[in-house]
Amino acid sequence: MSKIAVVYWSGTGNTKAMADAVAEGVNASGGEATLLTAAEFDPALLDSFGAVAFGCPSMGSEELEESEFAPMFEGCVPKLSGRKIALFGSYGWGDGEWMRTWEENCRGAGAVLACEPVICNEAPDDDALAACQALGKALV
């Protein structure tokens, strides 16, 4: 069974809803999802999982959340080479620049993206939740 970490930060609940849908997709495909907040996840845990889905909303001027998520993720970057990951998150304004930058940085670190990142404006609708489930399935 594939053990998949779903690591996220959510301020309003939108990214949490997306994380739950990612975990549903993992479990529906026979994987074993472990939901962890950014505060609960340590980069040393990466080797305990076959793949990781990272979720963070756009904050400030299209950046990752800076107090919990960004420091945790920066600790993961040196361990991303060859690792299967996926990215997801919500935004309230802008055009998704934070996700394009994040994806580019992950590819630059050698991460293997299992699928295209999933983003949604504000709360995820049914289509966004279905895309999150598909993202989870792609990680198994």
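Please read these numbers as outputs of a predicted model, since none were measured by experiment. (Residues numbered from 1 in each chain as written. Predicted model: local features only at pLDDT ≥ 70, side-chain atom pairs only at ≥ 80, totals over all residues. Heavy atoms only, no water.)

Burial of strand β6 (residues 118-121) is one-sided: the residues V118 and C120 facing one way are buried, the residues I119 and N121 facing the other way are not. In this structure, strand β4 (residues 84-91) lies alongside β6, joined through 4 bridges in parallel fashion. Opposite Y91, over in β6, you have N121 as the bridge partner. (Buried < 20%, exposed > 50% of the residue type's maximum accessible area, 1.4 Å probe, protein only. Helix = DSSP H or I, 4+ residues; strand = E, 2+ residues; numbered from the N terminus. Pairing = 2+ DSSP bridges.)

Moving on to the UniProt feature "domain: Flavodoxin-like" (unreviewed entry) in the protein chain. What UniProt calls "domain: Flavodoxin-like" (unreviewed entry) maps, in this numbering, to residues 4-140. Secondary structure across residues 4-140 divides into 36% helix and 22% strand, with the first and last C-alpha atoms of the span separated by 7 Å. (UniProt positions renumbered as here; feature names shortened; annotations may be inferred.)

In this section: the packing of aromatic side chains. Applying the stated criterion across every chain yields a total of 6 aromatic pairs. Ring geometry for F69 and W102: centres 5.5 Å apart, planes at 90 degrees, overall edge-to-face. Of the two residues, F69 sits in helix α2 (residues 69-76) while W102 sits in helix α3 (residues 97-108), which places them 33 residues apart along the sequence. Judged by its relative accessible area of 2%, W102 is buried. Put simply, the rings of F54, F69, F73 and W102 pair up and form one aromatic cluster. Residue placement shows K3 over the ring face of F49; its charged tip is 5.5 Å from the ring centre. (Phe/Tyr/Trp six-rings, centres within 6.5 Å; stacked < 30°, edge-to-face > 60°. Lys NZ or Arg CZ within 6 Å of the ring centre and 35° of its normal.)

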